[in-house]
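# Observations on the model geometry
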Amino acid sequence: MGTIIVLTVLTGVVFFIVRGMVRDKKQGKSGCGGDCGRCGGCH
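Scope of this entry: the structure provided in the associated data block. (Residues numbered from 1 in each chain as written. Predicted model: local features only at pLDDT ≥ 70, side-chain atom pairs only at ≥ 80, totals over all residues. Heavy atoms only, no water.)

With that settled, the discussion passes to the overall build of the protein. Summing up its helical and strand segments, the protein has 1 helix and 0 strands in all. Accessible surface computed for the protein: about 4,100 Å², of which carbon and sulfur atoms make up 66%. (Helix = DSSP H or I, 4+ residues; strand = E, 2+ residues; numbered from the N terminus. Areas by Shrake-Rupley, 256 points an atom, 1.4 Å probe, with all protein chains shown as cover.)

A separate point is the packing of aromatic side chains. One pass over the full model with this rule turns up 1 aromatic pair. Judged by centre distance (5.3 Å) and plane angle (70 degrees), the ring pair of Phe15 and Phe16 falls under edge-to-face. Assessed through its relative accessible area of 48%, Phe16 is described here as partly exposed. (Phe/Tyr/Trp six-rings, centres within 6.5 Å; stacked < 30°, edge-to-face > 60°. Buried < 20%, exposed > 50% of the residue type's maximum accessible area, 1.4 Å probe, protein only.)

Another point: a nonpolar patch on the surface. Taken together, the side chains of Met1, Ile5, Val9, Val13, Ile17 and Met21 present a nonpolar region at the surface, about 650 Å² in accessible area. Of note, Met1 is situated in the segment before helix H1 (2–26). Here Met1 falls in the exposed class, since its relative accessible area comes to 77%. (Patch = residues over 30% accessible without salt bridge, like charges linked within 9 Å, V, L, I, M, F, W, Y side chains within 5 Å. Salt bridge = Lys/Arg side-chain N within 4 Å of Asp/Glu carboxyl O.)

Now the structure itself:
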């Protein structure tokens, strides 16, 4: 019974994290600032 409760809570947390990431992406609030000249992850 406890395992089911923990699984449900973790699934809910993951759902809300992913939903927040999708909303941020749609609003243009991603981690990339769009300035590739200053980006450490570029070539």
